[in-house]
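# Observations on the model geometry
Residue-level listing of the chains:
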Amino acid sequence: MVEKVKIVMDEDRCYLCGGCAGMCPTLAINVGPKWEFFLDRCISCKICVTACPVGALKAVPLEGES
Ligand code: SF4
Ligand code: SF4
């Protein structure tokens, strides 16, 4: 079973390029004027974490939270 995570963005690193949003298979990230994450759509694949060119994203385990 895939470990459920939430994706957290580091505002000091993110330059709103939209790369993570473009790679997410379930449209769980939206990048417009600001970066947004939709937990209910996320399937915890972590593709976005790998895709970010500046390492601004990290996956935080949700165990015990939901
Ligand atoms: S972990 Fe996967 S599903 Fe969740 S936001 Fe990142 S790319 Fe999208
Ligand atoms: S890929 Fe990284 S730098 Fe680009 S919008 Fe996503 S979190 Fe920000």
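Coordinates for the structure precede this section.
The following refers to the structure shown. (Residues numbered from 1 in each chain as written. Chains lettered and ligands numbered in written order. Predicted model: local features only at pLDDT ≥ 70, side-chain atom pairs only at ≥ 80, totals over all residues. Heavy atoms only, no water.)

Scanning the protein chain from N- to C-terminus turns up two helices and four strands. Here the C-alpha atoms of the protein chain give a radius of gyration of 11 Å, agreeing with the 11 Å that 2.2 N^0.38 yields for 66 residues. Expressed along its principal axes, the backbone C-alpha trace of the protein chain runs to roughly 30 × 20 × 20 Å. Here the protein chain holds 66 residues, and 24% of them are scored as buried. Nonlocal contacts in the protein chain, meaning residues at least 24 apart in sequence, comprise 57% of its contacts between residues at least 6 apart. Entry remark: accessible area of the protein chain is about 4,400 Å², with carbon and sulfur atoms responsible for 55%. (Helix = DSSP H or I, 4+ residues; strand = E, 2+ residues; numbered from the N terminus. Rg over C-alpha atoms; globule rule 2.2 N^0.38 Å. Buried < 20%, exposed > 50% of the residue type's maximum accessible area, 1.4 Å probe, protein only. Contact = heavy atoms within 4.5 Å. Areas by Shrake-Rupley, 256 points an atom, 1.4 Å probe, with all protein chains shown as cover.)

Looking at ligand 1, there are 14 residues lining it, with Cys24, Cys42, Cys45, Lys46 and Cys48 nearest. Class assignment for the residues of the shell around ligand 1 results in 11 nonpolar, two polar and one charged. (Near = heavy atom within 4 Å. Nonpolar A, V, L, I, M, F, W, Y, C, P; charged D, E, K, R; others polar.)

Around ligand 2 lies a shell of 14 residues, among which Cys14, Cys17, Gly18, Cys20 and Cys52 are the nearest. Of the residues contributing to the shell around ligand 2, the split by class is 12 nonpolar, two polar and no charged.

Before going further, it helps to examine the nonpolar core. If you look at soluble globular proteins, the nonpolar side chains tend to sit buried side by side. If you look at the biggest cluster of nonpolar residues, it comprises 11 residues: Val5, Ile7, Met9, Cys20, Ala21, Ile29, Trp35, Cys48, Cys52, Ala56 and Leu57. Counting only elements with at least two residues in this core, the list comes to β1 (5-9) and α1 (19-23). Here Val5 is in contact with Leu39, Cys42, Ser44, Lys46, Ala59, Val60, Pro61 and Leu62, once residues within four sequence places are set aside. (Core = buried A, V, L, I, M, F, W, Y, C linked by side-chain atoms within 4.5 Å.)

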